[in-house]
Amino acid sequence: MARVTFSSEQQRYTNEVACEVSAADYRELIDHITQRYPALSRADLLQMAIAIDGEIIHQPLLERIEPNSEIHFFHFVAGG
Amino acid sequence: MSEAREFKYIGQSTIRPDGFDKVTGRANYGADLALPGMIWGKILRSPHAHANIKSLDTRRAEALPGVLAVATHSDFPSVSDQAIESGEGSLTLLDLARNVLAKDKVLYHGHAIVAVAAKTAAIAEQALALIDIEYEVLKPVLDVREAMAAGAPLLHADMFTQGLPEKPTTASNVATRLEFKMGDIEAGFSAAEVVVEREFYTPTAHQGYIEPHACTVRFEKDGQSMIWCSTQGHFDVRASTAKLLGMELGKLKVIASEIGGGFGGKTTVYLEPVALILSRKSGRPVKMIMNRDEVFKATGPGSATRSWVKIGAKKDGSITAMQGRLAYEAGAFKGSPVMMGCMTAFTPYAVANMYVEGFDVVVNKAKVAAYRAPGAPQAEFAVEMLINELAVKLGRDPIDLRLQNAAKEGTQTIYGPKLKRVGLVECLEAARDSKHYQQALAENQGRGVAAGFWFNVGGQSSVHINMNPDGTGTIVEGSPDIGGSRASMQMMAAERPCIAPSLLKPIIGDTENVAFSAGTGGSRTTFATGMAVIEAAEDVVAQMKQRAASLWNVTAEQVDWADGVAINLAGEERLSLAEICASADRTGGQISGRGNINARGAGPSFAVHLCDVDVDKDTGKVDVVRYTAIQDAGKAIHPKYVEGQYQGGAVQGIGWALNEEYIYSKEGLLENAGFLDYRVPVASDLPMIDTIIVEVPNNFHPYGVRGVGESGIIPPLAAVGYAVEDAIGVPVTDLPLSPPRVFGLIQGSR
């Protein structure tokens, strides 16, 4: 099971810091967590960046998820 | 990548490929293009900081001989409330349209209202004086405290605070409230034996780019329109302008000129859509150039902020809790970089309990823009000042205290991921062991230490490398070169094929001849576009091997590539890159490598700065007498450019700390809109900025690159600020530390 940690803002909608999800890829992961936490917006999730095992990915749509991966959501960062 | 990797070209400081054109004046900047039939555009700007536009009449201006077009907000087709890219700090299309040309209300001194295009710049100026506007002047709000106060004048009657637990029923100047938390902040402070807390202020500060905003445009009704402009992201200019004007992307070409500085300030549009409207209405090419006064009044500076921070620690130095409340000015429209402030403030520290609350606040000033590590210098200034104060309270060396609490691989960040391998500890150790840190201070001198963190980012980059029959080639990249990246691209492109970098000419493609690339910013270009270059170079090598194989009638797997030469593993033959290119017409046509990526795996860069100052206690004047910038580059592709980035960031931060601030009258009028009164440090003000390049490779980049442009501006605010505090023995909370302020602090302590 992959461990998904929510951002502080997301925790307002999940009431949990993290959860465990079995998913083969990011799309499947989004399906699972929006079913489990209906207050989380699918559109918002697709706007967020993620880190999979510490690797920062800005557009994770097609990413594969390994069974023991650690996933963190965070806001997209641009810069100056 | 391996730690001990040997490179042939990476790590050398080659001659910059754009240097000759720049020093001989041949390089073409934003104002340098002239087209046949071109006319001039000028903008009428608000004389008030906050006012309703009761009436607007342009008829007298339109009637002036030589005037060919007039544009107002009503010339924009209806635009939606969608978010668009504009560096750091989000901006909606509606707000962008209202910022580019005001609608019904002006929100800051210098806000653009009407644009005129005429046969000469002088006629356009005359026409501006003939525009009749009646204002209802309103009270401005010029600071987050005023703006957040109950009963404050509202900039936007339809703006309700996002992010509150309950949906608000009244409008507010607070666009967004956000929070980040980790652990149990109350338990963290309960466990603390020493607590420090203060509120800090940083002023509005300009990026200080020398080249003003400028563009030349040509609208083609049935063909393809064109924009030539000075920008950090020409694809973003295309997207913003096309959306504002309801155009298809394919009907608008944007060419990035050479750029005379950006630092985040050229990540959005001001003139380009207006000029295109004027060109559409007049049927002529239009040139627009801001003067310095306009740049200061009407383009985006860095946010002014008020930050309250509290830190608790045990007597052994271990930090138990860090808390912050950050309020950032967004300017006239929502979208300050407060989120970045919240995400970066505490990240140099491995602390279990953290809580930070941020407020994005609109005020009657120009809409802020990105400025190098947007949002981070202000927040980390507050935190680093307090870390130094904590060290004194605990009787600890400030570097030793930081080492004890430093973030490292595996540290959980407040913004989400755990850090992978990072170089903060190595930077702190390099600072501690530096000659600078061993030197004694003289009377009236003080020393400051500060750390800084920036994420660095990846994103989309596109590159192709076109080889020529003589073995030379062209690297076509989509990232404007604002800090010397062409030299880095040249070296990364040369490394894998193993050919001299000077044989490959790097150029910036326009929006038609290279695929989409995100703008240059966030320290992404050497990292992300570099990865695209490496991919394109690998593609070139693969094709070289294939072509050699076809000439030798073997398979590509039977061909090796080493030192710029294809080697037939099934025989004795060798072919150089130039020989393969020369015969390419007989093996399938010329060779072109391609790299189109969305880069992942950006590696954060930490910096640590040391600053010694000398304070004249009779005048309050501060002189920086010794300064060292230490930063983790991952891998320094071109060490001289990396040093230049460290030095440039340090000097901009020193200016922010010592002198730079926008000064407004109580009516909200900007009173120092020029480089005579807005004082950036010049070479004669400063000692040599010493640098130490730390290299802890980013394992997600083929050559270990992290990106170096942002982090260097973060530590100077507190390094300088605390050095002054150390010298005068009085707490420093507000920047800039100009002579009157420092003299006031000294006098107040007597």
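Keep in mind that what you see is a predicted model, and the values were worked out from it rather than measured.

### So, the overall build of chain B
Right, on to step 1. In terms of helices and strands, chain B carries 20 helices and 28 strands.
Right, on to step 2. The globule rule puts the C-alpha radius of gyration for 750 residues at 27 Å, and the 27 Å found for chain B is close to it.
Right, on to step 3. Here the C-alpha coordinates of chain B stretch approximately 85 × 75 × 50 Å along the principal axes.
Right, on to step 4. Partitioning the intrachain contacts of chain B with sequence separation of at least 6 by distance along the chain shows that 79% fall at a separation of at least 24.

### Some points on the overall build of chain A
Right, on to step 1. Secondary structure assignment for chain A yields three helices and five strands.
Right, on to step 2. What you see in chain A, going N to C, is helices and strands ordered as β-α-β-α-α-β-β-β.
Right, on to step 3. Rg of the C-alpha trace for chain A: 12 Å, near the compact-globule value of 12 Å for 80 residues, within the 12% margin.
Right, on to step 4. When the backbone C-alpha atoms are referred to their principal axes, chain A occupies close to 35 × 25 × 20 Å.
Right, on to step 5. When burial is assessed residue by residue, chain A has 34% of its 80 residues classed as buried.
Right, on to step 6. Put simply, of all contacts in chain A between residues at least 6 apart along the chain, 47% involve residues at least 24 apart.

### Let's talk about the interface of chain B and chain A
Right, on to step 1. Listed per partner, the contact involves 34 residues of chain B and 18 residues of chain A.
Right, on to step 2. For the side of chain B that touches chain A, the elements supplying multiple residues, two or more each, are strand E9 (174-182) and helix H10 (338-344) of chain B.
Right, on to step 3. No other element matches E9(B), which puts four residues into the side of chain B that touches chain A.
Right, on to step 4. When grouped by side-chain class, the residues that make up the side of chain B that touches chain A number 15 nonpolar, 10 polar and nine charged.

### Considering the domain arrangement of chain B
Residues and elements named next belong to chain B.
Right, on to step 1. When cut into domains, chain B gives domain 1 (19-26 + 458-599), domain 2 (39-138 + 211-260 + 266-298) and domain 3 (305-456 + 603-749).
Right, on to step 2. On a C-alpha basis, the centres of domain 2 and domain 3 stand 36 Å from each other.
Right, on to step 3. Facing 20 residues of domain 2, the contacting portion of domain 3 comprises 24 residues.
Right, on to step 4. When contributions to the side of domain 2 that touches domain 3 are tallied by element, the ones reaching two or more residues are helix H3 (93-100) and helix H9 (292-298).
Right, on to step 5. Here the side of domain 2 that touches domain 3 gets five residues from one element, more than from any other, and that element is H9.

### A closer look at the pairing of strand E1 (residues 2-5) of chain A
Right, on to step 1. Of the strand pairs in this sheet, E1(A) and strand E2 (residues 18-21) of chain A are connected by four bridges, and their pairing is antiparallel. Bridge pairing in E2(A) links Val4(A) to Cys19(A).

### Re the sheet that holds strand E10 (residues 194-202) of chain B
Residue and element names in this part refer to chain B.
Right, on to step 1. Taken together, five strands build an open sheet; the order of strands is E9-E17-E16-E15-E10 and the sheet is mixed. Sheet topology places E9 and E10 at the edges, where each strand pairs with a single neighbour. Direction aside, the axes of adjacent strands within the sheet are offset by 10 degrees on average.
Right, on to step 2. Where strand E16 (residues 319-331) meets strand E17 (residues 354-362), nine bridges bridge the pair, whose relative direction is parallel. Bridge pairing links leucine 326 to glycine 358 in E17.

### Considerations on the sheet that holds strand E28 (residues 689-694) of chain B
Residue and element names in this part refer to chain B.
Right, on to step 1. The four strands lie next to each other as E18-E26-E27-E28, forming an open sheet whose pairing is mixed. Each having just a single partner strand, strand E18 (445-454) and E28 make up the two edges of the open sheet. Each adjacent strand pair in this sheet contributes to an overall mean axis angle of 15 degrees, direction not counted.
Right, on to step 2. Where strand E27 (residues 622-632) and E28 come together, six bridges link them in parallel fashion. The residue bridging alanine 629 from the neighbouring strand is threonine 691, located in E28.
Right, on to step 3. Its contacts with the sheet put helix H19 (residues 716-728) on E18, strand E26 (605-615) and E27, and the angle it makes with E18 is roughly 160 degrees.

### Regarding helix H4 (residues 121-128) of chain B
Working note: α-helix, 3.6 residues per turn, so residues spaced by three or four point in the same direction.
Residue and element names in this part refer to chain B.
Right, on to step 1. Of all the positions in H4, only Ile123, Ala124, Ala127 and Leu128 are classed as buried. Along the axis of H4, the buried residues cluster in a sector spanning 145 degrees; they form a single face.
Right, on to step 2. For H4, the secondary structure elements touched by its buried residues are strand E1 (39-45), helix H2 (59-63), strand E3 (67-71) and strand E7 (112-118).

### Some remarks on the packing of H3(B) against helix H7 (residues 234-245) of chain B
Residue and element names in this part refer to chain B.
Right, on to step 1. The interhelical angle for the contact between H3 and H7, taken along N-to-C directions, is 85 degrees, at an axis separation of 11 Å. Overall, the two elements H3 and H7 adopt an arrangement that is roughly perpendicular. Facing H3, whose interface residues are Leu93, Leu96 and Ala97, H7 presents Ser240, Lys243 and Leu244.

### Re the packing of helix H11 (residues 376-394) of chain B against helix H12 (residues 398-405) of chain B
Residues and elements named next belong to chain B.
Right, on to step 1. The N-to-C vectors of H11 and H12 enclose an angle of 105 degrees; their axes lie 9 Å apart at closest approach. What the angle tells us is that H11 and H12 run roughly perpendicular. Residues Ile387, Asn388, Leu390, Ala391 and Leu394 of H11 touch H12, and the partners they reach there are Pro398, Leu401 and Arg402.

### So, the pairing of strand E19 (residues 459-467) of chain B
Residues and elements named next belong to chain B.
Right, on to step 1. Counted residue by residue, E19 has eight buried out of nine residues, so it is predominantly covered.
Right, on to step 2. Inspection of the sheet shows E19 paired to strand E25 (residues 592-599) by eight bridges, in the antiparallel sense. In the sheet register, asparagine 466 faces E25, and the bridge partner there is serine 592.
Right, on to step 3. Note that E19 and strand E20 (residues 473-477) share five bridges and pair antiparallel.

### Structural notes on the nonpolar core
Right, on to step 1. Ranked by internal contacts, the top residues of the largest apolar core, which has 250 residues, are Val116(B), Val720(B) and Val724(B).
Right, on to step 2. Filtering out sequence-adjacent residues up to four positions away, Val720(B) remains in contact with Gly448(B), Cys611(B), Val613(B), Val624(B), Ile654(B), Ala657(B), Leu658(B) and Leu737(B).

### So, helix H13 (residues 424-432) of chain B
All names here are of chain B.
Right, on to step 1. Along H13, the residues that are buried comprise Leu424, Cys427, Leu428 and Ala431. For H13, the arc enclosing every buried residue in end-on projection is 95 degrees, short of the 170-degree limit, so these residues lie on one face.
Right, on to step 2. Packing partners of the buried residues in H13 comprise H12, helix H14 (435-438), E18, E26, E27 and E28.

### Examining the environment of Asp726(B)
Residue and element names in this part refer to chain B.
Right, on to step 1. Along the chain, aspartate 726 falls in helix H19.
Right, on to step 2. With 337 residues separating them along the chain, aspartate 726 and glutamate 389 place their C-alpha atoms 9.8 Å apart.
Right, on to step 3. If we ignore the near neighbours within four places in the chain, the residues touching aspartate 726 are Gly446, Arg447 and Gly448.

### Points about the environment of Ser576(B)
Residue and element names in this part refer to chain B.
Right, on to step 1. Summarising the element assignment, serine 576 is placed in strand E24 (residues 574-576).
Right, on to step 2. Taking the C-beta count within 10 Å as the criterion, serine 576 has 16 such neighbours and is therefore assigned partly exposed.
Right, on to step 3. Considering only alpha carbons, one finds serine 576 and alanine 548, 28 residues apart in sequence, at a separation of 9.4 Å.

### Let's talk about the confidence of the model for chain B
Right, on to step 1. A residue-level look at chain B finds 98% of positions with pLDDT of 70 or above and a mean pLDDT of 96.
Right, on to step 2. Prediction confidence for the complex, expressed as pTM and ipTM, is 0.96 and 0.92 respectively.

### Details of the environment of Asp433(B)
Right, on to step 1. Tracing the sequence through the fold places Asp433(B) in the loop between H13 and H14.
Right, on to step 2. A C-alpha to C-alpha distance of 51 Å links Asp433(B) and Ala49(B), two positions 384 residues apart in sequence.

### Some points on unusual backbone geometry
Residues and elements named next belong to chain B.
Right, on to step 1. With an omega of 0 degrees, the peptide bond running from leucine 735 to proline 736 counts as cis.
Right, on to step 2. Tracing the backbone shows proline 736 in the loop between H19 and helix H20 (739-749).
Right, on to step 3. We note that aspartate 104 has phi near 70 degrees; this positive angle belongs to a residue other than glycine.
Right, on to step 4. Tracing the chain through its elements places aspartate 104 in the loop between H3 and strand E6 (105-106).
Right, on to step 5. In the Ramachandran plot, asparagine 444 falls in the positive-phi region, its phi being about 70 degrees despite a non-glycine side chain.
Right, on to step 6. Note that asparagine 444 resides in the loop between H14 and E18.

Here is what the cut-offs are and how they apply
- Residues numbered from 1 in each chain as written.
- Chains lettered and ligands numbered in written order.
- Predicted model: local features only at pLDDT ≥ 70, side-chain atom pairs only at ≥ 80, totals over all residues.
- Helix = DSSP H or I, 4+ residues; strand = E, 2+ residues; numbered from the N terminus.
- Rg over C-alpha atoms; globule rule 2.2 N^0.38 Å.
- Contact = placed C-beta atoms within 7 Å.
- Buried ≥ 20, exposed ≤ 12 C-beta atoms within 10 Å, placed from the backbone.
- Nonpolar A, V, L, I, M, F, W, Y, C, P; charged D, E, K, R; others polar.
- Domains from an automatic or database assignment.
- Pairing = 2+ DSSP bridges.
- Axes fitted to C-alpha atoms, helices over the stretch in contact; angles between N-to-C directions.
- Arc of directions from axis to C-beta.
- Parallel < 35°, antiparallel > 145°, perpendicular 65-115°, else oblique.
- Core = buried A, V, L, I, M, F, W, Y, C linked by C-beta atoms within 7 Å.
- pLDDT = per-residue confidence, 0-100.

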